[in-house]
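# A closer look at the structure
Letter by letter, the chains look like this.
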Amino acid sequence: NHCNHEMHCPIHMPFIYPHKIKGVFFILFIFFISLVTAQSSNLDKKKFFTDDRIIEMSLVADFKKLIKEKLDPNFKTNFLPATITCLFPDSSKITEVIEIRPRGEFRREECYLPSIMLNFKTAAAVKLKKLGRMKLVWPCSSTTSDEQLVLKEYLVYKMYNLITEKSFRVRLVKMAYRDVKDKIKPQDAYAFFIEDTDEMAALEAVMEQAVPLADYY
């Protein structure tokens, strides 16, 4: 029978088979996984420092021990295990176990929480391994003024990058650090990574002319 303009005709919707719905969700799942994997597989130090977007990170370690041993003569070899979580701008997330130690001169001696060296080249750090070793500069204390000083120092590096390619590259992060035993107060603050001295020299094919500011402070 044909419907005329005075009759209400039912709308016939095509039947979607359950197995087709499952197939669509499976394809979407594979697509999502590929995006996350792409972020991880494409992660390297060069791209890390050429991207200016802020990364959110958290670091869980025995910071009480780090502070206690920061003036130890063997501080350069006294690495501690740490769990780092990185939330990248594309929403991909990586959590791995790395190593940290105190570093610097002035900050190591004068700051409550010294700047640190992060070693991503550990057996447990599969996705972050390509980052190698990197220096992290964060506030000397938990005050807002110290955080502002770190941001100003970061901008000094960025301005120098505009002047010459033979300069240390930096990457701004929002870092949350937590003591694994809850013996010190948690803190969230802006911090920045600075590339390694030897790697900068190799990248630019020049001999090191000066020690980066972050090594003194």
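Below you will find a few notes about this structure.

About the cut-offs
- Residues numbered from 1 in each chain as written.
- Predicted model: local features only at pLDDT ≥ 70, side-chain atom pairs only at ≥ 80, totals over all residues.
- Heavy atoms only, no water.
- Disulfide = S-S within 2.5 Å.
- Helix = DSSP H or I, 4+ residues; strand = E, 2+ residues; numbered from the N terminus.
- Buried < 20%, exposed > 50% of the residue type's maximum accessible area, 1.4 Å probe, protein only.
- Core = buried A, V, L, I, M, F, W, Y, C linked by side-chain atoms within 4.5 Å.
- Contact = heavy atoms within 4.5 Å.
- Pairing = 2+ DSSP bridges.
- Axes fitted to C-alpha atoms, helices over the stretch in contact; angles between N-to-C directions.
- Expected span 1.5 Å × (residues − 1).
- Arc of directions from axis to C-beta.
- Patch = residues over 30% accessible without salt bridge, like charges linked within 9 Å, V, L, I, M, F, W, Y side chains within 5 Å.
- Areas by Shrake-Rupley, 256 points an atom, 1.4 Å probe, with all protein chains shown as cover.
- Salt bridge = Lys/Arg side-chain N within 4 Å of Asp/Glu carboxyl O.
- Lys, Arg positive; Asp, Glu negative; His and termini not counted.
- Charge placed at Lys NZ, Arg CZ, Asp CG, Glu CD.
- Polar contact = N/O pair within 3.5 Å; in protein donor to acceptor, adjacent residues only side chain to side chain.
- Phe/Tyr/Trp six-rings, centres within 6.5 Å; stacked < 30°, edge-to-face > 60°.

## Some details on the state of the cysteines
All told, the structure shown has 1 disulfide when counted by the stated rule. Each sulfur of the disulfide joining cysteine 111 and cysteine 140 lies 1.9 Å from the other. Because the torsion about its S-S bond is -110°, the bridge between cysteine 111 and cysteine 140 counts as left-handed. Placement of the pair is cysteine 111 in the loop between helix H4 (106–110) and strand E4 (116–119) and cysteine 140 in the loop between strand E5 (133–137) and helix H5 (144–163), with a sequence separation of 29 residues. Look at cysteine 140 and you get partly exposed, because its relative accessible area is 21%.

## Observations concerning the nonpolar core
Counting 34 residues, the largest nonpolar core has Leu59, Phe63, Ile100 and Trp138 as its most contacted members. In this structure, tryptophan 138 is in contact with Leu59, Phe63, Arg107, Leu113, Pro114, Ser115, Ile116, Val150, Met175, Tyr177, Tyr190 and Ala191, ignoring residues within four places of it in sequence. Counting 9 residues, the second largest nonpolar core, distinct from the first, contains Tyr157, Phe168, Phe192 and Ile194.

## Describing the sheet that holds strand E6 (residues 170–179)
With respect to topology, 7 strands assemble into a closed barrel ordered E1-E2-E3-E4-E5-E7-E6, the strand pairing being mixed. With strand direction ignored, the average angle separating the axes of adjacent strands in the sheet is 40°. For E6 and strand E7 (residues 187–194), the ladder comprises 8 bridges, and the chain directions are antiparallel. Residue pairing across strands places leucine 172 opposite phenylalanine 192, the latter belonging to E7. Packing against the sheet, H5 makes contact with E5, E6 and E7, and its axis sits at approximately 20° to E7.

## Points about H5
Side chains that are three or four residues apart share a direction in an α-helix, a result of its 3.6 residues per turn. Its 20 residues give H5 an end-to-end C-alpha distance of 29 Å, which sits within 8% of 28 Å, the value for a rise of 1.5 Å per residue. By the burial criterion, the buried members of H5 are Asp146, Glu147, Val150, Glu153, Tyr154 and Tyr157. Down the axis of H5, the sector holding all buried residues measures 115°, keeping them to one side. Facing away from the buried side of H5 by over 90 degrees, the exposed positions are Thr144, Leu149, Lys152, Met159, Leu162 and Ile163.

## Side note on a positive patch on the surface
Residues Lys64, Lys65, Lys68 and Lys183 make up a contiguous surface patch of positive charge. Position of lysine 65 among the secondary structure elements: in helix H3 (residues 63–68).

## Thoughts on the environment of proline 102
Structurally, the position occupied by proline 102 is in strand E3 (residues 93–102). A residue is classified by how much of its surface remains accessible, and proline 102, at 3% relative accessible area, is buried.

## Considering the side chain of glutamate 195
With respect to the helices and strands, glutamate 195 occurs in the loop between E7 and helix H6 (197–204). A relative accessible area of 2% places glutamate 195 in the buried class. A polar contact of 2.9 Å, which involves the side chain of glutamate 195, links it to the backbone nitrogen of arginine 169.

## Let's talk about the packing of aromatic side chains
For the structure shown, the criterion picks out 7 aromatic pairs. Their ring planes at 55° and their centres at 6.0 Å tell us that phenylalanine 63 and tryptophan 138 sit as a pair that is tilted. Of the two residues, phenylalanine 63 sits in helix H3 while tryptophan 138 sits in the loop between E5 and H5, which places them 75 residues apart along the sequence. Looking at phenylalanine 63, the relative accessible area reads 0%, which means it is buried. What makes tryptophan 138 buried here is its relative accessible area of 2%. Look at tyrosine 157 and phenylalanine 192: their rings are 5.8 Å apart centre to centre, the planes differ by 55°, and that puts the pair in the tilted class.

## Points about the pattern of salt bridges
This structure, assessed with the given rule, holds 9 salt bridges. One salt bridge connects arginine 108 with glutamate 105, and the closest N-O pair in it is separated by 3.9 Å. One salt bridge in this structure joins glutamate 195 and arginine 169, with 3.1 Å as the shortest N-O distance. Residue glutamate 195 is located in the loop between E7 and H6, and its partner arginine 169 is located in the loop between H5 and E6; the two are separated by 26 residues in the primary sequence. When salt bridges that share partners are traced, they join Asp51, Arg53 and Arg171 into one network.

Honestly, that's just the spatial picture; any functional story needs more than this.
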